[in-house]
Amino acid sequence: IPTQGLLELGKVGTYGANKYGLFNYSKGHKSSQLVSACLRHLIGEEGNPGYQMGSDYDKESGLLHLSHLAFTVLMLIQQHHDGTIDDDRPKRIKHD
């Protein structure tokens, strides 16, 4: 696992703990909320462009958009694994 990536994930985790509380990442979230956060950091929103729009850093946290994106994807994976995700995705035919 790339070392710098882990260090950047730690920064996002610390930022999130200060903003939302310790271990908030392990609590169940709506899948749509986490996917929306991923898209905000990838594409952006009004007044805060994301990585794809040419911005490297999130205006609020000052941390890399890619680090926020990676941390949020890890939250999705962990909550899926733990069964704590509130899966509110549109219902589709399952292929697996």
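For clarity, every value in this text was computed on a predicted model and none was experimentally measured.

Further remarks concern the side chain of Asp-58. Tracing the chain through its elements places Asp-58 in the loop between β2 (48-49) and α3 (65-82). Here Asp-58 occupies a buried position and makes no salt bridge, while the nearest side chain of opposite charge, Lys-19, is found at 7.2 Å. In terms of polar contacts, Asp-58 uses its side chain to reach the backbone amide nitrogen of Glu-60, at 3.2 Å. Here Asp-58 is in contact with His-41, Asn-48, Leu-63, His-65 and His-68, once residues within four sequence places are set aside.

The subject of this paragraph is the pattern of salt bridges. If you walk through the whole model with that rule in mind, you get four salt bridges. Here Asp-86 ties to Lys-30 by a salt bridge, and the two come within 4.0 Å at their closest N and O atoms. With a gap of 56 residues between them, Asp-86 in the segment after α3 and Lys-30 in the loop between α1 (3-20) and α2 (31-42) connect regions that are remote in the sequence. Between Asp-87 and Arg-89 there is a salt bridge; the shortest N-O distance is 2.7 Å.

Rules and cut-offs
- All chains use their own residue numbering, which begins from 1 and follows the written sequence.
- With pLDDT at 70 or above as the cut-off, local features in this predicted model cover only qualifying residues; side-chain atom pairs require 80 or more to be listed or tallied, and sums for whole chains, interfaces and linings still use all residues.
- Values reported for side chains reflect all heavy atoms of the structure, with hydrogen atoms and water molecules removed beforehand.
- Strands here are runs of E lasting at least two residues and helices are runs of H or I lasting at least four, both read from the DSSP assignment and numbered beginning at the N terminus.
- To sort residues, take the accessible area from a 1.4 Å probe on protein chains only and compare it with the maximum for the residue type: under 20% means buried, over 50% means exposed, and anything in between is partly exposed.
- For the charge count, each Lys or Arg is scored as positive and each Asp or Glu as negative, with His and the chain ends excluded.
- Salt bridges are defined by distance alone: a side-chain nitrogen of Lys or Arg within 4 Å of a carboxyl oxygen of Asp or Glu.
- Here a polar contact is taken to be a pair of N or O atoms separated by no more than 3.5 Å, where protein atoms must pair a possible hydrogen donor with a possible acceptor and residues adjacent in sequence count only if both atoms sit in side chains.
- The criterion used for residue contact is that any of the two residues' heavy atoms lie within 4.5 Å.

Spatial relationships are all this shows, so hold off on functional conclusions.
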